[in-house]
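# Architecture and fold: a report
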Amino acid sequence: MKTIGLLGGCAWPSTIEYYRLINQLVGQGRSAKILLKNIDYARIKASLPQEIPGLLQGELEDFERVGPDSIIICNNTLHKYLGDFTLQIPLFHAVDLTVNYALDQNYKKVLLLATKFTMEDGFFNDALLEKGIDSIIPSLQESDEIQVIQTELSQGNAKMEYGDYFKNLILKHKNLDAVILACTELPLVITPANSILPIIDPMVLQSTAAVAHALGEAHDY
């Protein structure tokens, strides 16, 4: 079994979910080989946008030298800053995997839920649109409300009413094909039990691809 590297700490509750999911995916009675590099996400968020690619590249290069066979960035927003940077080992790109999965499922119109930045910036939307997939984002008020919830989730404060909030929000868009959870904290409160739409979870796609690579299995995305 090959070793999966997790670049985590942004934020810690979702990093735990990656660890849990990957260990579940390798199969009953087995444990995944994982290296975790926890970074100070507050330092990155406090940086100027033009500084972030260099900071991220430095963290990834340092991590690669430790010796994982692949890397997952446990944060969707940071994928915006990868640019043309490449590693010598596979990096399972949340946006690319999401777009490819949506194409495979023949989805044409999806709801995009994420941090306010990700919903409004366009890096996820543009990648989808390039492949002919329309993405709908919530209203300005809803985006503000989602950001408040995401901040709470990133601090480990998951409340039952958050699930109810998203259940009602997704219900407003029941005519769409699927909902993309483009923030790693949202799967903590959005599940198939409270979503009328099929869920596209980049965390699941990244983890599934990484486990397939670690076990030497073929993977389509």
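That block above? That's the structure.
## Structural notes on the overall build of the protein
- A tally of regular secondary structure across the protein gives 9 helices and 7 strands.
- For the protein, whose C-alpha radius of gyration is 17 Å, the value lies close to the compact-globule estimate of 17 Å for 221 residues.
- Taken along the three principal axes of its C-alpha coordinates, the protein extends 45 × 40 × 35 Å.
- Within the protein, the proportion of its 221 residues that are buried is 51%.
- For the protein, contacts bridging at least 24 residues in sequence account for 70% of all contacts bridging at least 6.
- If you sum the accessible surface of the protein, you get close to 10,500 Å²; carbon and sulfur atoms cover 49% of it.
- Side-chain charges in the protein split into 17 positive and 27 negative, and the spacing between the mean points of these groups amounts to 3 Å.

## Considering the sheet that holds strand E6 (residues 178-181)
- Read from one edge to the other, the open sheet built from 4 strands follows the order E5-E4-E6-E7, with strand pairing classed as parallel. The sheet is open, and its two borders are formed by strand E5 (134-136) and strand E7 (199-200), each paired with just one other strand.
- Pairing of strand E4 (residues 109-113) with E5 involves 3 bridges; the strand directions are parallel. What sits directly across from Lys109, in E5, is Asp134.

## Observations concerning the sheet that holds strand E3 (residues 70-73)
- Sheet architecture is open: 3 strands sit in the order E2-E1-E3, paired in parallel fashion. Every interior strand has two partners, whereas the edge strands, strand E2 (34-38) and E3, have only one. Strand after strand, the sheet turns through a mean of 20° between neighbouring axes, direction not considered.
- Across the sheet, helix H9 (residues 202-214) is in contact with strand E1 (4-8) and E3; its angle to E3 comes to roughly 170°.

Conventions we followed
- Residues numbered from 1 in each chain as written.
- Predicted model: local features only at pLDDT ≥ 70, side-chain atom pairs only at ≥ 80, totals over all residues.
- Heavy atoms only, no water.
- Helix = DSSP H or I, 4+ residues; strand = E, 2+ residues; numbered from the N terminus.
- Rg over C-alpha atoms; globule rule 2.2 N^0.38 Å.
- Buried < 20%, exposed > 50% of the residue type's maximum accessible area, 1.4 Å probe, protein only.
- Contact = heavy atoms within 4.5 Å.
- Areas by Shrake-Rupley, 256 points an atom, 1.4 Å probe, with all protein chains shown as cover.
- Lys, Arg positive; Asp, Glu negative; His and termini not counted.
- Charge placed at Lys NZ, Arg CZ, Asp CG, Glu CD.
- Pairing = 2+ DSSP bridges.
- Axes fitted to C-alpha atoms, helices over the stretch in contact; angles between N-to-C directions.

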